[in-house]
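Spelled out from the first residue to the last, the chains are:
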Amino acid sequence: MHYVYEETNSLDDRCYTTFGLTPEILMEHAGLALAHAVKKKLTCKKSALFVCGMGNNGADGIVAARLLHGAYNVSLYLPFKIKSELAKLQLERAKKVGVIVVDELIDADIYVDALFGAGLNRPLDDLTCKLLETLNAKQGYKIACDIPSGILSDLTLSSVIFQANETVTMGALKLALLNDNVKDAIGDIKVANLGISRNQYETPSSLFLLHKSDLRLPFRIKKNANKGTFGHVAIVQGSKEGAARLAGMGAFHFGAGLVTLIGEKPKKLPIYLMNSETLPKNANVIVAGMGLEMPFDEVALKTLLLSNTLPLVIDASLSQHPLLCEIIASQKPLVLTPHPKEFSSILELTCKEKVSVEAIQANRFAYAKRFSLAFPHVVLVLKGANTIIAHNGELFINTYGTPALAKGGSGDVMSGMIGALIAQGYTPKDAAISGSLAHALVSRKFTCNNFALTPIDICKGLKWL
Ligand SMILES: NC(=O)C1=CN([C@@H]2O[C@H](COP(=O)(O)OP(=O)(O)OC[C@H]3O[C@@H](n4cnc5c(N)ncnc54)[C@H](OP(=O)(O)O)[C@@H]3O)[C@@H](O)[C@H]2O)[C@H](O)CC1
Ligand SMILES: [K+]
């Protein structure tokens, strides 16, 4: 995993004070990384236009244009009066080496957005939005310098944002690039070295971007084993039986030795899933909430969930029910797996805070972090285009999810998978991280199209991870 930062100004400052670097050294490296990304897409017949703003983001673009000029056909477009002293200096240098400055948004093969970066502190005005719309409508490969223009430093968005194929971000990963609402605008992210290795530039952070290598699959190391060695997942069946069945399949395919659905005997059940009216004595974890329609027998469910010490995975409608407050108050190990609407209900139930789904989606990180600090024993898996796993103030961001997963039943499978890992001895936090990663990475294995994947395909795909 890699650290992620809400802002990197303090990391830049540390480079000056601790390592004796200068803003110019950092900028030259930022420009070099940007030039390198542009060069990969250029040939001698192709052209690049650098659209540069009035601050140091623009200055990075000017440096890159200077570095490429001579060998390649590059030009600068500067729609605003330059304000930053460094940008003025860079423009002077670029002009001295002969970089052409054009006075309109000319056509090119590659467009570089160096209009605004970390310094965008208020929404863009109409004129700038129009400029970005024109830029977005152009054919050609689009590269954003540091952050696509239009994403504000507080993570809110202007009405238009630059739509990049690729973002070269300076020094370290920024949280602004990882919110769900910018997933379609950032393209591939590359992190530029600013004259010092990334691990020297970075300081510890409580925010992490998950990588494939963070996935810990439940490989069976012990040879002298039986089904009991790998745990028993109990899944509470609701009136919509299919949901618990999918959770059960997810659990079984992800290594649980035994899986039992608790409730009335369902009409159809895969032969490897068991059924019981009561909690099996050897259960290691209880998964509940999926397919549970209101009203349900609250007393019976409360007894089932709270009259033992088993960890819980709670999903769907149960996360919108007052019983959740008692579950949290019980201090049992707990993983919650809400989508944003369910998380809005959780915040209202537990923090007495009415937050709309839109407000949550505008800054998922802030709400997830606040909740995880308020209930440090709970692991929150806030589902979304980029799923967030929050625990005691730490956020782990999983960006591997694909639209193929946006279907009824996907979430049920994931809850079962997390339950399976807990049954096999993972901590709730590690189970949530690896369960969420495996669920997302499976969806990437289906390469023929991204519309036909079913929850059952997710379960089957776990065989090939
Ligand atoms: N150590 C460093 O500083 C490094 C920075 N790098 C690059 O620099 C940018 C950040 O540069 P900065 O100058 O702080 O910010 P921007 O270039 O993004 O823009 C700031 C200017 O934009 C004006 N502004 C802000 N919001 C708006 C708006 N809505 N409409 C119009 N103008 C706006 C702002 O004006 P003020 O009135 O607020 O003063 C500034 O003039 C960073 O992203 C990197 O690309 C290097 O990479 C390395 C080191
Ligand atoms: K930019």
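Higher on the page you've got the structure.
Residues numbered from 1 in each chain as written. Chains lettered and ligands numbered in written order. Predicted model: local features only at pLDDT ≥ 70, side-chain atom pairs only at ≥ 80, totals over all residues. Heavy atoms only, no water.

> Looking at this model, I keep getting lost on the environment of Asn392. Mind explaining?
Locating Asn392 in the fold gives a position in the loop between β18 (387–391) and β19 (394–398). With near-sequence residues (within four places) excluded, Asn392 lies in contact with Ser372, Leu373 and Pro376. (Helix = DSSP H or I, 4+ residues; strand = E, 2+ residues; numbered from the N terminus. Contact = heavy atoms within 4.5 Å.)

> What's the story with the pairing of strand β17 (residues 378–382) in this structure? I'm lost.
The two faces of a sheet get side chains in turn, since along a regular strand they alternate between them. The element β17 is largely enclosed, with a buried count of five among its five residues. Across the two faces of β17 the burial is the same, with Val378, Leu380 and Leu382 and Val379 and Val381 all buried. Relative to β17, strand β16 (residues 334–336) runs parallel, the two being bridged by three bridges. Note on β17: the bridge partner recorded for Val335 is Val379. Taken together, the three bridges between β17 and β18 define a ladder with antiparallel strand orientation. (Buried < 20%, exposed > 50% of the residue type's maximum accessible area, 1.4 Å probe, protein only. Pairing = 2+ DSSP bridges.)

> Even after reading the chapter, I still don't get unusual backbone geometry, so can you show me in this structure?
A negative phi angle is the norm for most residues apart from glycine, just as the trans form is the norm for most peptide bonds. With a phi close to 70 degrees, Asp146 is a non-glycine residue in the positive phi region. Within the fold, Asp146 resides in the loop between β6 (141–145) and β7 (166–170). Given a relative accessible area of 8%, Asp146 falls into the buried group.

> What should I look at first to understand the packing of helix α7 (residues 241–253) against helix α13 (residues 410–423) in this one?
Relative orientation and spacing of two packed helices are given, respectively, by the angle between their axes and the distance between those axes. At their nearest, the axes of α7 and α13 sit 7 Å apart, and the two run at 45 degrees to each other. On the basis of their axis angle, the class for α7 and α13 is oblique. The chirality of how α7 crosses α13 is right-handed. Along its contact with α7, which presents Ala243, Leu246, Ala247, Gly250 and Ala251, the element α13 presents Asp412, Val413, Gly416, Met417 and Ala420. For the contact of α7 with α13, the residue count by class is seven nonpolar, two polar and one charged. (Axes fitted to C-alpha atoms, helices over the stretch in contact; angles between N-to-C directions. Parallel < 35°, antiparallel > 145°, perpendicular 65-115°, else oblique. Left-handed = near helix turned anticlockwise from the far one by under 90°. Nonpolar A, V, L, I, M, F, W, Y, C, P; charged D, E, K, R; others polar.)

> Where do I start with the coordination of the potassium ion (ligand 2) in this structure?
Six octahedrally arranged donors around a metal ideally form angles of 90 or 180 degrees; four tetrahedrally arranged donors ideally form angles of 109.5 degrees. In this structure, Asn57 (OD1), Asp113 (O), Asp113 (OD), Phe116 (O), Cys145 (O) and Ile147 (O) serve as the protein donors to the potassium ion (ligand 2), at separations of 2.6 to 3.1 Å. Around the potassium ion (ligand 2) sit six donor atoms, and with donor-metal-donor angles ranging over 68 to 150 degrees the site reads as irregular. We note that the donor set of the potassium ion (ligand 2) lies within a single chain, spaced as N-x55-D-x2-F-x28-C-x1-I. Linking Asn57 in helix α3 (residues 56–68) with Ile147 in the loop between β6 and β7, this pair joins segments that are 90 residues apart in sequence. Accessibility classification places Asn57 together with Ile147 in one group, the buried group. (Donors = N, O, S within 2.8 Å, 3.2 Å for Na, K, Ca; no water. Tetrahedral: all angles 85-135°; square planar, octahedral: opposite > 155°, others 65-115°.)

> I'm lost on the sheet that holds strand β5 (residues 110–114) in this one. Help?
Within a sheet, adjacent strands bond to each other through the backbone by hydrogen bonds, running parallel or antiparallel. The strand order across the open sheet built from seven strands is β4-β3-β2-β5-β6-β7-β9, with neighbouring strands paired in parallel fashion. Looking along the sheet, the strands with just one partner apiece sit at the ends: β4 (100–102) and β9 (188–192). Going from strand to strand, the sheet's axes swing by 25 degrees on average, the running direction of each strand aside. Across three bridges, β6 lies against β7 in parallel orientation. Paired with Ile143 across the bridge in β7 is Glu166.

> How do you make sense of the side chain of Asp60 when you look at a structure like this?
Secondary-structure assignment places Asp60 in helix α3. Buried charged residue Asp60 carries no salt bridge. Nearest counter-charge: Lys174, at 8.3 Å. Once residues lying within four places of it in the same chain are set aside, the contact partners of Asp60 are Met27, Ala30, Gly31, Leu34, Cys145 and Met170. (Lys, Arg positive; Asp, Glu negative; His and termini not counted. Salt bridge = Lys/Arg side-chain N within 4 Å of Asp/Glu carboxyl O.)

> Is there a simple way to explain the site of ligand 1 in this structure?
As a matter of local geometry, ligand 1 sits amid 21 residues, with Tyr16, Asp60, Gly117, Arg122 and Asp146 nearest to it. For ligand 1, an oxygen atom lies 2.8 Å from a polar atom in the backbone of Asn56. One nitrogen or oxygen atom from the side chain of Asp146 is found 2.5 Å from an oxygen atom belonging to ligand 1. Against a free-state accessible area of 940 Å², the protein chains account for coverage of 78% of ligand 1. More than half of the atoms of ligand 1 fall within 2 Å of the grid points belonging to the largest pocket. (Near = heavy atom within 4 Å. Polar contact = N/O pair within 3.5 Å; in protein donor to acceptor, adjacent residues only side chain to side chain. Areas by Shrake-Rupley, 256 points an atom, 1.4 Å probe, with all protein chains shown as cover. 1 Å grid on protein atoms, 1.4 Å probe; cavity = no way out; pocket = protein on both sides within 12 Å on 5 of 7 lines; lining within 4 Å. Sits in = over half its atoms within 2 Å of the grid points.)

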